[in-house]
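# Summary of structural features
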Amino acid sequence: MSALSEHVLEEIRELPAKYPQPRSAVMPALDLAQEEVGYLTPDAMSEVAAALKLDPGYVEGVATFYTLFHLQPVGKHRFYVCTNLSCMLRGANDIVEHVKGAIGVHEPGELSKDGLFSYEEVECLGACEYAPVMRLDHRYEKDLTANKVDALIAQRRSPATPSAVEPRHPPPLVKRAATTSPQSGEVKRKRTKKSV
Ligand code: FES
């Protein structure tokens with residue numbers, strides 16, 4: 001059975017025509033696959049490679065290079081909290097600690113017990129004037145406070161809450177530690193912070 005729906009595979013097949021270099025389609029394609037499955041399984045990555053007519057090793061190299069791609073199950077709602085300079089000076093570290101306590105996890109990528117939440121610390125999201133900032137469900141949440149974080153979590157725990165998906169912002173580009181680029185194949189999966 002296919003990991004990705006025919007609808008998503010069709011979208012992925014159409015991506016290369018939108019880029020001067022067809023290989024550039026790999027990141028949006030992986031984003032679509034992750035959106036559908038929740039994280040990038042080996043089968044999902046193989047299907048992306050086949051749909052783009054790319055070497056599976058290259059696709060896996062890209063997926064393992066960037067922390068925005070998840071190779072293990074992550075929360076349905078993921079907090080990407082900016083801890084770069086402007087946000088840090090305006091309390092980002094306190095926001096991170098508050099998120100961790102509120103969803104009951106201890107480290108980045110850890111899944112909350114209810115399976116709904118996880119968090120990551122990321123590089124500058126380009127919205128420094130609204131620091132501290134995070135991205136949650138494709139939205140930027142600005143001028144964060146502990147109360148605002150609590151409200152966002154409560155909204156997502158309520159089944160009556162419509163999912164907040166617009167406007168969609170691109171995923172934050174944070175990297176895993178790597179000894180080589182994804183283009184050269186061999187990469188190291190250990191996660192660090194990060195550069196855009
Ligand atoms: S430093 Fe956080 S958005 Fe720029």
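You'll find the structure just up there.
The present account deals with the structure reproduced in this document. Model, not experiment: these values are computed from the prediction.

Rules of the game
- Residues numbered from 1 in each chain as written.
- Predicted model: local features only at pLDDT ≥ 70, side-chain atom pairs only at ≥ 80, totals over all residues.
- Heavy atoms only, no water.
- Helix = DSSP H or I, 4+ residues; strand = E, 2+ residues; numbered from the N terminus.
- Buried < 20%, exposed > 50% of the residue type's maximum accessible area, 1.4 Å probe, protein only.
- Contact = heavy atoms within 4.5 Å.
- Areas by Shrake-Rupley, 256 points an atom, 1.4 Å probe, with all protein chains shown as cover.
- Polar contact = N/O pair within 3.5 Å; in protein donor to acceptor, adjacent residues only side chain to side chain.
- Core = buried A, V, L, I, M, F, W, Y, C linked by side-chain atoms within 4.5 Å.
- Phe/Tyr/Trp six-rings, centres within 6.5 Å; stacked < 30°, edge-to-face > 60°.
- Lys NZ or Arg CZ within 6 Å of the ring centre and 35° of its normal.

Helices and strands together make up the secondary structure of the protein chain, namely seven helices and four strands. Helices (α) and strands (β) of the protein chain occur, in sequence order from the N terminus, as α-α-α-α-β-α-α-β-β-β-α. Counting the 196 residues in the protein chain, one finds 42% classified as buried. Long-range contacts, defined here as pairs at least 24 residues apart, represent 63% of the contacts in the protein chain between residues at least 6 apart. Accessible surface computed for the protein chain: about 10200 Å², of which carbon and sulfur atoms make up 53%.

Time to look at the environment of Ser5. Mapped onto the elements of the fold, Ser5 is located in the segment before α1 (6–14). A relative accessible area of 26% means that Ser5 is categorised as partly exposed. Remark: the alpha-carbon pair of Ser5 and Ala33, spanning 28 residues in sequence, is separated by 9.2 Å.

Here we take up the side chain of Thr41. Here Thr41 lies in the loop between α2 (26–37) and α3 (42–52). Within the local environment of Thr41, its side chain forms a polar contact with the backbone nitrogen of Ala44, the two atoms lying 3.0 Å apart.

Within the largest apolar cluster, 27 residues are counted, with the highest numbers of intra-cluster contacts made by Ile12, Val26, Leu30, Leu40, Val48, Leu52 and Val59. Counting residues per element, the ones that place at least two in this core are α1, α2, α3 and α4 (56–65). Counting residues per element, this core draws most heavily on α3, which supplies six residues. Setting aside residues no more than four positions away along its own chain, Ile12 makes contact with Leu4, Ala29, Leu32, Val48, Ala51 and Leu52.

Per the stated rule, a full pass over the model turns up two aromatic pairs. Ring geometry for Phe65 and Tyr66: centres 4.9 Å apart, planes at 85°, overall edge-to-face. For the pair Phe65 and Tyr66, a shared accessibility class is recorded, and that class is buried. Their ring planes at 40° and their centres at 5.9 Å tell us that Phe79 and Phe117 sit as a pair that is tilted. Remark: Phe117 occurs in strand β2 (residues 117–122) and Phe79 occurs in strand β1 (residues 77–82); sequence separation between them is 38 residues. Comparing Phe79 with Phe117 shows no difference in burial state: the two are buried. The ring centre of Tyr58 lies 4.0 Å from the NZ or CZ of Arg23, which sits over that ring. Note that Lys142 overlies the ring of Tyr130, its terminal NZ or CZ placed 4.5 Å from the centroid.

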